[in-house]
Amino acid sequence: GAGVSQSPSNKVTEKGKDVELRCDPISGHTALYWYRQRLGQGLEFLIYFQGNSAPDKSGLPSDRFSAERTGESVSTLTIQRTQQEDSAVYLCASSLRTGGNGNQPQHFGDGTRLSIL
Amino acid sequence: QKEVEQNSGPLSVPEGAIASLNCTYSDRGSQSFFWYRQYSGKSPELIMSIYSNGDKEDGRFTAQLNKASQYVSLLIRDSQPSDSATYLCAVNTGFQKLVFGTGTRLLVSP
């Protein structure tokens with residue numbers, strides 16, 4: 001079946017502009033995650049959605065970052081007033097509903113490579 | 001102390017050898033553990049998951065978990081140049097999100 005789909009695959013924009021990144025999870029996956037990966041570094045958790053529960057926003061680095069998800073469908077990550085430090089690959093992952101032990105593996109999309117000039 | 005620690009490497013092994021990748025974690029309550037492979041410029045790809053102490057084998061890959069020592073490892077037998085990648089250890093700390101290590105870069109030379 002189709003995997004996690006992210007768009008755009010690449011985005012180049014000028015400092016100060018707003019950008020919107022999209023993630024379409026695997027059908028039936030209720031959990032959706034956003035991560036940031038800077039060049040040569042590990043994955044940095046940003047935000048987590050599970051069904052209609054309140055999202056875990058604990059990883060968002062500043063109030064310029066926000067994300068939405070309606071139900072169990074598409075999610076958008078918005079970065080306002082972009083800064084050069086926002087340049088990174090933004091990865092989305094989805095999984096089946098996670099139980100108390102978090103035993104559902106996450107499956108990643110190909111990411112959006114964001115470059116701020 | 002970082003929640004999930006890995007040696008950044010690179011770990012260099014000759015083709016056909018066993019590559020051993022290690023990961024330690026700090027939260028004793030962690031119950032789910034995953035290994036991902038990430039090729040340069042690509043997204044992470046799930047290789048193995050392990051939830052119980054002991055070994056779990058899948059083809060050339062074996063994951064080992066020791067909860068008492070808070071240690072999880074990945075063995076790759078008969079390493080191939082195509083195994084050259086960064087291997088990410090991920091641990092679920094009970095808050096329904098994964099904490100990733102920074103990854104170990106593996107280089108398999110022909």
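Look up: the structure comes first, before these words.
What counts and what doesn't
Residues numbered from 1 in each chain as written. Chains lettered and ligands numbered in written order. Predicted model: local features only at pLDDT ≥ 70, side-chain atom pairs only at ≥ 80, totals over all residues. Heavy atoms only, no water. Pairing = 2+ DSSP bridges. Helix = DSSP H or I, 4+ residues; strand = E, 2+ residues; numbered from the N terminus. Buried < 20%, exposed > 50% of the residue type's maximum accessible area, 1.4 Å probe, protein only. Contact = heavy atoms within 4.5 Å. Disulfide = S-S within 2.5 Å. 1 Å grid on protein atoms, 1.4 Å probe; cavity = no way out; pocket = protein on both sides within 12 Å on 5 of 7 lines; lining within 4 Å. Points joined across faces, edges and corners; volume = space filled by probe spheres on them. Nonpolar A, V, L, I, M, F, W, Y, C, P; charged D, E, K, R; others polar. Core = buried A, V, L, I, M, F, W, Y, C linked by side-chain atoms within 4.5 Å. Axes fitted to C-alpha atoms, helices over the stretch in contact; angles between N-to-C directions. Buried area = accessible area lost by both parts, 1.4 Å probe. Salt bridge = Lys/Arg side-chain N within 4 Å of Asp/Glu carboxyl O. Phe/Tyr/Trp six-rings, centres within 6.5 Å; stacked < 30°, edge-to-face > 60°. Lys NZ or Arg CZ within 6 Å of the ring centre and 35° of its normal.

J.: Requested: an account of the sheet that holds strand E8 (residues 71-76) of chain B, with residues and values cited.
T.: Residue and element names in this part refer to chain B. Taken in spatial order, the five strands line up as E1-E3-E8-E7-E6 in an open sheet, and their pairing is antiparallel. Every interior strand has two partners, whereas the edge strands, strand E1 (4-5) and strand E6 (54-58), have only one. One ladder, built from two bridges, connects E1 with strand E3 (residues 19-25); its direction is antiparallel. Opposite Glu5, over in E3, you have Thr24 as the bridge partner.

J.: Can you lay out the side chain of Arg36 of chain A for me, pointing to particular residues and giving the numbers?
T.: Residues and elements named next belong to chain A. Tracing the backbone shows Arg36 in strand E4 (residues 31-37). Classification of Arg36 as buried rests on a relative accessible area of 4%. Once residues lying within four places of it in the same chain are set aside, the contact partners of Arg36 are Gly42, Leu43, Glu44, Leu46, Pro61, Phe65, Glu85, Asp86, Ala88, Val89 and Tyr90.

J.: Talk me through the state of the cysteines; I want residue IDs and the actual numbers.
T.: Residue and element names in this part refer to chain A. Enumeration over the complete set of coordinates arrives at two disulfides over all chains. Bridging Cys23 to Cys92, the disulfide has an S-S length of 1.9 Å. Between Cys23 and Cys92, the S-S torsion sits near -65°, and that sign places the bridge as left-handed. Of the two residues, Cys23 is situated in strand E3 (residues 19-24) and Cys92 in strand E8 (residues 88-95); the sequence distance between them amounts to 69 residues.

J.: Requested: an account of the layout of surface pockets, with residues and values cited.
T.: Empty space within the largest pocket amounts to approximately 780 Å³. Forming the boundary of the largest pocket are 30 residues, of which Gln37 and Gly40 of chain A together with Gln38, Ser40 and Gly41 of chain B lie nearest the centre. Put simply, the parts of the chain that give the lining of the largest pocket at least two residues each are E8 and strand E10 (112-116) of chain A together with strand E9 (85-92) and strand E11 (104-109) of chain B. The element best represented in the lining of the largest pocket is E11 of chain B, accounting for four residues. The residue inventory of the lining of the largest pocket, partitioned by class, reads eight nonpolar, 17 polar and five charged. In this structure, the second largest pocket encloses a volume near 160 Å³. Every residue lining the second largest pocket is listed: Tyr35, Leu43, Glu44, Phe45 and Gly59 of chain A together with Glu3, Lys97, Leu98, Val99 and Phe100 of chain B. Considered class by class, the residues forming the lining of the second largest pocket number six nonpolar, one polar and three charged.

J.: I'd like to hear about the nonpolar core, residue by residue, with values.
T.: Across soluble globular proteins, nonpolar side chains show a tendency to be buried alongside one another. By size, the foremost hydrophobic cluster in this structure holds 24 residues, and its most contacted members are Trp35, Val72, Leu74, Ile76 and Tyr87 of chain B. When residues of this core are traced back to their parent elements, those giving at least two are E3, strand E4 (32-38), strand E5 (45-50), strand E7 (61-66), E8, E9 and E11 of chain B. Every residue in contact with Ile76 of chain B, bar those within four places of it in the chain, is listed here: Ala17, Ile18, Ala19, Leu21, Arg60, Phe61, Asp83, Tyr87 and Leu106 of chain B. Listed in part, the 19 residues of the second largest apolar core include Leu32, Phe49, Ala67 and Ile116 of chain A.

J.: Go over the sheet that holds strand E7 (residues 75-79) of chain A with me, naming the residues and quoting the values.
T.: Residues and elements named next belong to chain A. Here we have four strands laid out as an open sheet, ordered E1-E3-E7-E6, and antiparallel in their pairing. Edge positions in the open sheet fall to strand E1 (5-7) and strand E6 (65-69), since each of these has one partner strand only. Sheet twist, expressed as the average angle between the axes of neighbouring strands with direction ignored, equals 15°. Both E1 and E3 contribute to a ladder of three bridges, which runs antiparallel.

J.: Now, about the interface of chain B and chain A: what can you tell me, with residues and values included?
T.: Facing 18 residues of chain B, the contacting portion of chain A comprises 25 residues. A buried area of about 1600 Å², summed over both sides, lies between chain B and chain A, and 51% of it is on carbon and sulfur atoms. For the pair chain B and chain A, the interface holds zero salt bridges. Listed by contribution, the elements that provide at least two residues to the side of chain B that touches chain A are E4, E9 and strand E10 (98-100) of chain B. Tallying contributions element by element places E4 of chain B first for the side of chain B that touches chain A, with four residues. Grouping the amino acids of the side of chain B that touches chain A by side-chain chemistry returns eight nonpolar, nine polar and one charged.

J.: I'd like to hear about the packing of aromatic side chains, residue by residue, with values.
T.: With the rule as written, the count across this model stands at 10 aromatic pairs over all chains. Ring pairing ties together the aromatic residues Tyr33, Tyr35, Phe45, Tyr48 and Phe108 of chain A together with Tyr36 and Phe100 of chain B, which thus form one cluster. Directly above the aromatic system of Phe61 of chain B lies the positively charged group of Arg60 of chain B, at a separation of 5.6 Å from the ring centroid.

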